[in-house]
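# Fold and geometry: a report
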Amino acid sequence: MDNILAAAKAIALARRNHAPLAALERPPVDEADGYQVQRALHDLLLPHAGPLVGYKIGCTSQVMQDYIGIPHPCAGGVFEKGVHDSGVKLAAAKYVRVGVECEIAVRLKRDLAAGEAPFTAEWVGEAVEAYHPAIEIVDDRYVKWETMGAPTLIADDFFAAGCVLGERVPRSSVPDLKSVKGRAIVNGEEVSHGTGADVLGHPHNALAWLANHLAADGKGLHAGQLVLTGSLVKTLWLKAGDKVRMELDGLGVVEAEFT
C-alpha cells in the first residue's frame, strides 16, 4: 500500500505543477496495480479537480490500440472542473502537451450497479439518457510516454485531461451510432475521420466494457455520470492558437480553441 500511495502522490504532484512525469521510482507492477494507484490518485485530485463526474475509455479503436501499443481498452477518471461547454477557450500552457480526440459521449439515466454484471451492449444502451458530440482533451504529461508502460499510464488516468461537450441529444433522436461519421477539423482543415463502428464495433460495447471493468472491483456507474466512449480518430497533438471542431453526423458539432 505504501508503494500505491507513493506512486499516486508523485503523479498528483506532477499534474498540479504541469510538469512532465519521468519514470516513477516505484511504478505499479501490473495493470491491476495501476488501477489501485489511479483510485488513490483520484482521492488526492478531488480538492483541485472537483468531484469525479464520469470516466473516459481509451484504446477502444484499432487505430488507437496500434498507436499506444496496448491491445485492449483502458479507463480513466473525468473530473468536474475538466468538463467544458462547446466554444470554450483554454490556455495551452495549462497542459504539458495538449491533444484532442473525437468522441461520442454518453450520459446515464440510471445506475449500472456491480451486482447487475455481466453487462451487454444492449443492456447498457438502455441505461443511456442522452449523447453528446465530444472533444476529449488529453495531455502527454510524460518525459517519454512510450517508455512509461501501460500500468503507469493507467495509474495517471490514461492521458485524461478533461473534455468539451456539444449539445446533448436525447437517446430517442440519435442515429445508428455504429454508422455515425466523425470528422476532426483543425484550423478549418479536416485532418482525420472515423465512425462509431471503430469504437469496439459500437460505442455501447465500450460502455459495457467499462461497466464490467468497474463491476469486477465491486463498483458501478451512476445516473447522471458522463462516459467518453473512445476516440474515432488517432490523437491530434496541438499547439497554442489551434482551433478544433469535431463534427459527428446526427449528433452535432463541438468546438474549442487552445490559446
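Calculation criteria
Residues numbered from 1 in each chain as written. Predicted model: local features only at pLDDT ≥ 70, side-chain atom pairs only at ≥ 80, totals over all residues. Heavy atoms only, no water. Helix = DSSP H or I, 4+ residues; strand = E, 2+ residues; numbered from the N terminus. Buried < 20%, exposed > 50% of the residue type's maximum accessible area, 1.4 Å probe, protein only. Contact = heavy atoms within 4.5 Å. Areas by Shrake-Rupley, 256 points an atom, 1.4 Å probe, with all protein chains shown as cover. Lys, Arg positive; Asp, Glu negative; His and termini not counted. Charge placed at Lys NZ, Arg CZ, Asp CG, Glu CD. Salt bridge = Lys/Arg side-chain N within 4 Å of Asp/Glu carboxyl O. Axes fitted to C-alpha atoms, helices over the stretch in contact; angles between N-to-C directions. Parallel < 35°, antiparallel > 145°, perpendicular 65-115°, else oblique. Left-handed = near helix turned anticlockwise from the far one by under 90°. Expected span 1.5 Å × (residues − 1). Arc of directions from axis to C-beta. Pairing = 2+ DSSP bridges.

### Some details on the overall build of the protein
- Along the protein, the regular secondary structure elements total six helices and 14 strands.
- Each of the three principal axes of the protein carries a C-alpha extent, and together these read 50 × 45 × 35 Å.
- Buried positions account for 55% of the 259 residues belonging to the protein.
- At a minimum sequence separation of 6, the contacts of the protein that also span at least 24 residues come to 77%.
- Only carbon and sulfur atoms are counted for the fraction: they give 52% of the accessible area of the protein, which is about 10800 Å².
- When the 25 basic and 33 acidic side-chain charges of the protein are each reduced to a single mean position, those positions are 4 Å apart.

### Here we look at unusual backbone geometry
- Of note, the bond from Ala-117 into Pro-118 is cis; its omega dihedral lies within 30 degrees of zero at 5°.
- The phi torsion at Phe-158 lies on the positive side, around 50°, for a residue other than glycine.
- Locating Phe-158 in the fold gives a position in the loop between α5 (150–155) and β7 (160–165).
- Accessibility expressed as a relative area gives 3% for Phe-158, which makes it buried.
- A positive phi is found at Leu-200, a non-glycine position, where the angle reads about 55°.
- Of note, Leu-200 is situated in the loop between β10 (189–195) and α6 (203–215).

### A look at the pattern of salt bridges
- Under the criterion given, the structure shown has 15 salt bridges.
- The partner of Glu-146 in a salt bridge is Lys-144, and the shortest N-O contact between them spans 3.9 Å.
- A salt bridge links Arg-183 to Glu-247; its shortest N-O distance comes to 3.2 Å. Highlighted residues: Arg-183 in strand β9 (residues 181–186) and Glu-247 in strand β13 (residues 242–248), separated in sequence by 64 residues. Here the two residues Arg-183 and Glu-247 agree in accessibility, since each one is buried.
- Each of Arg-183, Arg-245, Glu-247, Asp-249 and Glu-255 takes part in salt bridges that share partners, so that together they form one network.

### Describing the packing of helix α1 (residues 2–16) against helix α2 (residues 31–49)
- Between α1 and α2, whose axes approach to 8 Å, the crossing angle comes to 45°. Classified by the angle between their axes, α1 and α2 sit oblique to one another. The way α1 lies across α2 gives a crossing that is right-handed. Contact residues: α1 offers Ile-4, Ala-7, Ala-8, Lys-9, Ile-11, Ala-12, Arg-15 and Arg-16, while α2 offers Asp-33, Gln-36, Val-37, Ala-40, Leu-41, Leu-44, Leu-45 and His-48.

### Quick look at α1
- Look at α1: 21 Å from first C-alpha to last across 15 residues, which is about the 21 Å you get at 1.5 Å a residue.
- Listed in full, the buried residues belonging to α1 are Ile-4, Ala-7, Ala-8, Ile-11, Ala-12, Ala-14 and Arg-15. With its buried residues spanning 165° around the axis, α1 presents them on a single face.
- Contact partners of the buried residues in α1: α2, α5 and β7.
- Of the residues flanking the end of α1, it is His-18, one or two places downstream, whose phi is positive at about 50°.

### Considering the pairing of β9
- Counting buried residues in β9 gives five out of six residues, a clear majority hidden from the surface.
- Note that β9 and β10 share six bridges and pair antiparallel. Bridging from a neighbouring strand, Gly-182 pairs with Gly-194 of β10.
- In sequence, β9 turns back onto β10 through a hairpin of two residues, with Asn-187 there showing a positive phi of about 55°.
- Where β9 and β13 come together, five bridges link them in antiparallel fashion. The residue of β13 that forms the bridge with Gly-182 is Leu-248.

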